[in-house]
Amino acid sequence: MLPAPRATIAFVLQSSHIVLTIWQEQSMTNYLDFEKPLAEIAGKAEELRAMARQSEGMDIESEAAALDKKAADMLVALYKELTPWRKCQVARHPDRPHCSDYIKALFTEYTPLAGDRNFAEDDAVMGGLARFDGKPVMVIGHEKGSDTKGRIKHNFGMARPEGYRKAVRLIEMAGKFGLPVITLIDTAGAYPGKGAEERGQSEAIARSTEACLQAGVPLISIIIGEGGSGGAVAFATGDRVAMLEHSIYSVITPEGCASILWKDAEKMREAAEALRLTAKDLTQLGVVDRVIKEPLGGAHRDKTATLDAVRKALAEMLKELDGKKGKALIASRRKKYLDLGSKGLAA
């Protein structure tokens, strides 16, 4: 039998921030740059345990347990009051549950529907018929991918025009059959490539937003990671908008904002503060209706608990909208978005 490997530590550049990766036996833990002290303690504890596995009779469990407690206390302290920029980093964590994870865990009989019936299929947008708690629904969401191959296939969750036109098709289909629509948002923004612009990216986003506003069925939107720019609004113009505690929702990324305002992308921390992109800020502004609590340390640290929390919140929001008729839903949705900007701006 091969000896158990020692903990291995490496730095990986990802999404404009450093991810510290620790390989422990067969598992891998990714730490963000502000979690570096936590990663060092966890690495020391794992090294002690690796040494004990290689040397019979070595008892280091008390020392390792002390390090574990220190790491647990540090995790509480780090996440007690995250800055907006750190929220951005957590929202972009590569191990957060993705749209495909939510569909697999929360829905049954999922039947994917592909293509916009005009140009092509867009793998950045998942969508199809499914059942939630036994009731038929239409589910649509951005999928970023969970590994290099998947991220390339799904274009990092950045939809092209055909993705938004597919969403329009599915929303209209849901309206025809009286199915509630559930959207899961996780995108840095719509894809800004030349081909996408040539095929009418802005028009496709506007049509998708319009389809959300005019849907005669309940429409619930949940921001599960990043909610960036019009690419997010196109799916998030719902009767109820919920955000995971450490997700973000803004008109532009902090890096993009800093590049425009200060000609310096390194001022992303100041931009994140100014954008008011956290769930707490957006609840005060009336943009978001509900904040879904995440496990300590973020959704990626306990995916099962996160999925259960989203399931509960989704069931409650569907119950709130149950029985409402099409015209009443459209009218209340219209009023909801016309009233945006009337509260919280002085805060």
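Residues numbered from 1 in each chain as written. Predicted model: local features only at pLDDT ≥ 70, side-chain atom pairs only at ≥ 80, totals over all residues. Heavy atoms only, no water.

Next up on the list: the overall build of the protein. Along its length, the protein carries 14 helices and 11 strands. Its C-alpha atoms give the protein a radius of gyration of 22 Å, within 12% of the compact-globule value 20 Å for 347 residues. Along the first, second and third principal axes, the C-alpha set of the protein runs to 75 × 50 × 40 Å. Taken over 347 residues, the protein has a buried fraction of 50%. Counted over contacts in the protein with a minimum sequence separation of 6, partners at least 24 positions apart contribute 67%. Approximately 16,800 Å² of the protein is accessible, and the part contributed by carbon and sulfur atoms is 56%. (Helix = DSSP H or I, 4+ residues; strand = E, 2+ residues; numbered from the N terminus. Rg over C-alpha atoms; globule rule 2.2 N^0.38 Å. Buried < 20%, exposed > 50% of the residue type's maximum accessible area, 1.4 Å probe, protein only. Contact = heavy atoms within 4.5 Å. Areas by Shrake-Rupley, 256 points an atom, 1.4 Å probe, with all protein chains shown as cover.)

Counting residues in hydrophobic clusters, the biggest one holds 34 residues, and the most contacted among them are Ile140, Val181 and Phe235. Ranked by residues supplied to this core, first place goes to helix α6 (residues 161-177) with 6 residues. Setting aside residues no more than four positions away along its own chain, isoleucine 140 makes contact with Val125, Met126, Gly127, Ala167, Leu170, Ile171, Val181, Ile182, Thr183, Leu184 and Phe235. With 26 residues, the next largest nonpolar core counts Cys99, Tyr102, Val137 and Leu321 among its residues. (Core = buried A, V, L, I, M, F, W, Y, C linked by side-chain atoms within 4.5 Å.)

Okay, the packing of helix α10 (residues 254-261) against helix α11 (residues 268-275) next. Packing of α10 against α11 leaves a shortest axis separation of 8 Å and a crossing angle of 105 degrees. Our classification of the angle between α10 and α11 gives roughly perpendicular. The segment α10 lies against α11, with Pro254, Glu255, Cys257 and Ala258 engaging Met268, Ala271, Ala272 and Leu275. Residues belonging to the contact of α10 with α11 are distributed by class as follows: 7 nonpolar, no polar and 1 charged. (Axes fitted to C-alpha atoms, helices over the stretch in contact; angles between N-to-C directions. Parallel < 35°, antiparallel > 145°, perpendicular 65-115°, else oblique. Nonpolar A, V, L, I, M, F, W, Y, C, P; charged D, E, K, R; others polar.)

With that settled, consider α6. Taking 1.5 Å per residue as the helical rise, α6 with its 17 residues ought to reach 24 Å, and the 25 Å between its terminal C-alpha atoms agrees with that figure. Pro161, Glu162, Gly163, Tyr164, Lys166, Ala167, Val168, Arg169, Leu170, Ile171 and Ala174 are the residues of α6 that are buried. (Expected span 1.5 Å × (residues − 1).)

Our focus in this paragraph is the side chain of lysine 166. Looking at where lysine 166 falls in the secondary structure, it is placed in helix α6. Separated by 2.5 Å, the side chain of lysine 166 and the backbone oxygen of valine 125 make a polar contact. Not counting chain neighbours up to four residues away, the residues in contact with lysine 166 comprise Leu113, Ala114, Gly115, Asp116, Glu121, Asp122 and Val125. (Polar contact = N/O pair within 3.5 Å; in protein donor to acceptor, adjacent residues only side chain to side chain.)

Per-chain confidence: the protein averages 89 in pLDDT, with 90% of residues scoring 70 or above. Segment residues 1-18: pLDDT under 50, and 48 contacts once partners within four positions in sequence are set aside and those in other chains are kept. (pLDDT = per-residue confidence, 0-100.)

Right, let's get into unusual backbone geometry. The phi torsion at serine 229 lies on the positive side, around 60 degrees, for a residue other than glycine. Judged by its relative accessible area of 29%, serine 229 falls in the partly exposed class. At arginine 276, a position not held by glycine, the phi torsion is positive, near 50 degrees. Here arginine 276 is to be found in the loop between α11 and α12 (279-284). Residue arginine 276 is classed as buried on the basis of its relative accessible area of 17%.

Further remarks concern the pattern of salt bridges. A complete count under the given rule lists 22 salt bridges for this structure. The residue lysine 69 makes a salt bridge to aspartate 73 at a minimum N-O spacing of 3.0 Å. Of this pair, lysine 69 and aspartate 73 both sit in helix α2 (residues 61-79), 4 residues apart, roughly one helical turn. Residues lysine 336 and aspartate 289 are paired through a salt bridge, measuring 2.8 Å at the closest nitrogen-oxygen approach. With a gap of 47 residues between them, lysine 336 in helix α14 (residues 326-338) and aspartate 289 in the loop between α12 and β11 (290-292) connect regions that are remote in the sequence. Accessibility expressed as a relative area gives 17% for lysine 336, which makes it buried. By relative accessible area, aspartate 289 is classed as partly exposed at 38%. Among the charged side chains, a network of salt bridges with common partners joins Arg92, Lys144, Asp186, Glu226 and Glu255. (Salt bridge = Lys/Arg side-chain N within 4 Å of Asp/Glu carboxyl O.)

This part is about the pairing of strand β9 (residues 240-244). Burial of β9 is extensive: 4 of the 5 residues sit out of reach of the surface. Where strand β8 (residues 219-228) and β9 come together, 4 bridges link them in parallel fashion. What sits directly across from isoleucine 223, in β9, is methionine 243. Following the backbone out of β8, through helix α9 (residues 229-236) and into the adjacent parallel β9, one traces a crossover that is right-handed. Bridge analysis of β9 against β11 gives 3 bridges, and the strand direction is parallel. Bridge pairing in β11 links leucine 244 to isoleucine 292. (Pairing = 2+ DSSP bridges. Right-handed = clockwise from strand over helix to strand, strands pointing away.)

What follows covers the packing of aromatic side chains. Here the structure, examined in full by the defined rule, presents 3 aromatic pairs. Judged by centre distance (5.7 Å) and plane angle (55 degrees), the ring pair of phenylalanine 107 and phenylalanine 132 falls under tilted. Pair noted here: phenylalanine 107 is in the loop between α4 (99-106) and β4 (108-112) and phenylalanine 132 is in strand β5 (residues 125-132), with a separation of 25 residues, a long-range link. The burial state of phenylalanine 107 is the same as that of phenylalanine 132; both residues are buried. Plain terms: the ring middles of tyrosine 164 and phenylalanine 235 are 5.6 Å apart, the flat faces sit at 65 degrees to each other, and that makes the pair edge-to-face. With tyrosine 164 in helix α6 and phenylalanine 235 in helix α9, the pair connects residues that are 71 residues apart, well separated along the chain. (Phe/Tyr/Trp six-rings, centres within 6.5 Å; stacked < 30°, edge-to-face > 60°.)

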